[in-house]
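Examination of the molecular architecture
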Amino acid sequence: MNEREILTEYVYQMVAALVQAGVENVVVSPGSRSTPLAYAFASTKQLHMYRQVDERSAAFFALGIAKATTKPVVLLCTSGTAAANYFPAIVEASYARVPLIVITADRPHELREVGAPQAINQPNLYGSHVKWSVDFPLADNAAPTLPFIERHIARAVAIATSAPFGPVHINVPFREPLLIDFRDELPETAFKQSRMAQLIPSKIAQQELSSILRASERGFVIIGELPLGTDLTIMWDFVRQLKWPVIVESLSNMRTSVPEDCLPYIITTYDAIMKSDEFKALVKPDTVLRFGAQPVSKFIMQFITNSKPNAYIVVDEDPMFRDATSVSTHFIHAELGEWLTNLDISDTALDAQYLAEWQDANDIALEYIEHYSEAAVDEGAMVSRLLRFIPNGSDIFVSSSMPVRDIDTFLMATPKDIRIIANRGTNGIDGVVSTAMGFSQGNNRETYLLIGDLAFLHDINGLIASRYQECNLTIIVMNNDGGGIFSYLPQSTVEAHYEDLFGTPTALEFNDIAQMYDMDYIHVEDISELSEKFTTVKTRPLRLLEIFTDREENVYAHRALWNRINAGLKAWQS
């Protein structure tokens, strides 16, 4: 075979192995060195190929698709700094446990470390932020080469999709010439399937957990953001059996579509009621059981840290279990599955009064929050109203900083079918637009993005993806002209340099951005306009709703709400 035929066999064998392993979606950032594989992806009918010229945005776009589909997504870029631009999304995928197959094209070995253009040190580029990394051989006619790459592709996908999910890196050198012969059909693969094990705790671990739960008189459950693909019916069955207070974070997606018989156990106002020292003293626990990631609320985690419960049990699919409190007493290495509903916990010693105290406090806080939502005009009240307007069967992608905190405050337990998604692996505001755009592509439901003005500015180039494929998304920008989250932090008490370093106002509005990307644009100055303008018929796939709020007013209103809840709890306890 000549060089072109050898290269053709090589790249199509890679693609065939990816398809065989279950890959369906590929995000490509065009470049020269990745040409052979980009051609093979583009000509393979079994794959859906997306394009985004900005590698940083492309990686977050792929992250969003993977979040929506719960399946691995391939990323492809050319050599050099293009590969480095993937890094922020790879870090997020690592900590958020999202399966990405990152493929970086590279210069051949003879052009590495010799001053050749667009050549950097790419093997192991992402270090410990990927679960596995491999540097592929060059395309050649040697008998072991194709079997090697086929099985290493299968290994990469298996590692990315084994618990806990995460990114893997395949570095592929290509020697010029870079052209291939297009093929209509993929070659056969000799390797057929990887079957991964399910992580189930041992009988001893299950018995010990059952024993602790049955004996506990004062205990609660925390459910944070759950692993992709978690069966929530199992979690609801567990809630029904245990009958404990369950602190449910909004990102767990267990505040919505709540079964009626589980409603009495769902506590959603924990961030507010944990600001009451008297209430915290009243409900100091003996036992805490946590599933999923650490919640957004720092107050509940501080409560656990200070309470030092006799048993703080963390269930996690990663042996490097997450415990920022350093007070955990037990760890169970397991995926969330049917074993939970088989625990012997039908008759626990939980004090009925303890459950009632959580329920009463939650009800008191709910009453204040509902009144606030009707009467206030600040950013939080806007979010509360939006949660009512967003249609059943829709999803909300939420930016870090204030939007996710407002969702956590104002999304109450409801039978309404909406889902909340965010990038909370590292809690950054980078790549939020791109991730939401990708999520909307992999999602079969209407998608909304709730974001602040700075996070939107941080990733406006993510909208470029809409020029290469139709994107259906409503973007809701809370424009308070700066970094609203810092107004709640100690930095706000120091006037010197605050606006320059933390407030960072830009005085920018986004109607021109909407026009640039052919979006519907809606301008909202006052909460009285929100209902009418939000329900305006959408005429284009992309819509931008810009809501103007005031940072100082937001802080004042939020703190006034917390103070009223605190006073209400004091009156209740007296």
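Above this text you will find the structure in question.
Heads up: these notes are all about the structure in this document. (Residues numbered from 1 in each chain as written. Predicted model: local features only at pLDDT ≥ 70, side-chain atom pairs only at ≥ 80, totals over all residues. Heavy atoms only, no water.)

Some details on the side chain of Asp-323
Assignment of secondary structure puts Asp-323 in the loop between strand E11 (311-316) and strand E12 (330-333). One buried charge, Asp-323, has no salt-bridge partner; the nearest side chain with opposite charge is Arg-290, at 5.0 Å. Within the structure, Asp-323 has its side chain in polar contact with the backbone nitrogen of Val-327 (distance 3.5 Å). Only 2.7 Å separates the side chain of Asp-323 from the side chain of Ser-328, close enough to count as a polar contact. Residues in contact with Asp-323, not counting those within four places in the same chain, are Arg-290, Tyr-312 and Ser-328. (Helix = DSSP H or I, 4+ residues; strand = E, 2+ residues; numbered from the N terminus. Buried < 20%, exposed > 50% of the residue type's maximum accessible area, 1.4 Å probe, protein only. Lys, Arg positive; Asp, Glu negative; His and termini not counted. Salt bridge = Lys/Arg side-chain N within 4 Å of Asp/Glu carboxyl O. Polar contact = N/O pair within 3.5 Å; in protein donor to acceptor, adjacent residues only side chain to side chain. Contact = heavy atoms within 4.5 Å.)

Quick look at the pairing of strand E14 (residues 418-422)
E14 sits mainly inside the fold: 4 of its 5 residues count as buried. Pairing of strand E13 (residues 394-398) with E14, which is carried by 5 bridges, proceeds in the parallel orientation. Paired with Ser-394 across the strands is Ile-418, a residue of E14. (Pairing = 2+ DSSP bridges.)

Thoughts on the sheet that holds strand E15 (residues 446-452)
The parallel open sheet is built from 6 strands, whose spatial order is E14-E13-E15-E16-E18-E17. Each end of this open sheet is capped by a strand with a single partner; those strands are E14 and strand E17 (520-524). Here the average twist between neighbouring strands, direction ignored, is 20°. Across 5 bridges, E17 lies against strand E18 (residues 542-548) in parallel orientation. Directly across from Tyr-521, in E18, lies its bridge partner Leu-544. The strands touched by helix H14 (residues 402-410) within the sheet are E13, E14 and E15, with E15 carrying the most contacts at an inclination of about 115°. (Axes fitted to C-alpha atoms, helices over the stretch in contact; angles between N-to-C directions.)

Structural notes on the pattern of salt bridges
Per the stated rule, a full pass over the model turns up 29 salt bridges. As a salt-bridge pair, Glu-225 and Lys-67 come within 3.9 Å of each other at their nearest N and O atoms. With Glu-225 in the loop between strand E7 (219-223) and helix H8 (232-242) and Lys-67 in helix H3 (residues 55-69), this pair connects stretches of sequence that are 158 residues apart. Owing to a relative accessible area of 7%, Lys-67 belongs among the buried residues under this scheme. As a salt-bridge pair, Asp-135 and Arg-112 come within 3.0 Å of each other at their nearest N and O atoms.

Some words on a negative patch on the surface
Negative charge collects at one region of the surface, where Asp-360, Asp-363, Glu-367 and Glu-370 lie side by side. Tracing the sequence through the fold places Glu-370 in helix H12 (residues 352-375). (Patch = residues over 30% accessible without salt bridge, like charges linked within 9 Å, V, L, I, M, F, W, Y side chains within 5 Å. Areas by Shrake-Rupley, 256 points an atom, 1.4 Å probe, with all protein chains shown as cover. Charge placed at Lys NZ, Arg CZ, Asp CG, Glu CD.)

Here's the deal with the sheet that holds strand E3 (residues 73-77)
Spatial ordering of the open sheet is given by E2-E1-E3-E4-E6-E5, a layout of 6 strands whose pairing is parallel. Strand pairing shows two members of the sheet lacking a second neighbour, strand E2 (48-51) and strand E5 (133-135), which therefore form its edges. Neighbouring strand axes in the sheet, compared pairwise and without regard to direction, differ in orientation by 20° on average. Sheet topology places E3 next to strand E4 (residues 100-106); 5 bridges connect them, and they run parallel. Residue pairing across strands places Val-73 opposite Leu-100, the latter belonging to E4. Sheet strands in contact with helix H2 (residues 35-42) are strand E1 (25-28), E2, E3 and E4, and its direction is about 140° off that of E3. Across the sheet, helix H6 (residues 145-160) lies against E4, E5 and strand E6 (168-173), angled at about 155° from E6, the strand it touches most.

Looking at the packing of aromatic side chains
Across all of its chains, the model carries 16 aromatic pairs by this definition. Note on Phe-397 and Phe-439: the rings are 6.2 Å apart at their centroids and 55° apart in plane angle, and the pair reads as tilted. Of the two residues, Phe-397 sits in strand E13 while Phe-439 sits in helix H15 (residues 432-442), which places them 42 residues apart along the sequence. Given a relative accessible area of 2%, Phe-439 falls into the buried group. Here the aromatic residues Phe-220, Phe-279, Phe-303, Trp-358 and Trp-572 are joined through ring pairs into a cluster of three or more. Sitting over the face of the ring of Phe-299, Lys-298 holds its NZ or CZ atom 5.8 Å from the ring centroid. (Phe/Tyr/Trp six-rings, centres within 6.5 Å; stacked < 30°, edge-to-face > 60°. Lys NZ or Arg CZ within 6 Å of the ring centre and 35° of its normal.)

Comments concerning helix H7 (residues 203-215)
Relative to the 18 Å expected for 13 residues at 1.5 Å per residue, H7 spans 18 Å between its end C-alpha atoms, a close match to the ideal helical length. Inspection of H7 places Ala-205, Gln-206, Leu-209, Ser-210, Ile-212 and Leu-213 among the buried residues, and these make up the whole buried set. Seen end-on, H7 carries its buried residues on one side only, within an arc spanning 165°. In this structure, H7 carries Lys-203, Ile-204, Gln-207 and Ala-215 as exposed residues pointing more than 90 degrees from its buried face. In the core, the buried residues of H7 are packed alongside H8, strand E10 (287-291), E11 and E12. (Expected span 1.5 Å × (residues − 1). Arc of directions from axis to C-beta.)

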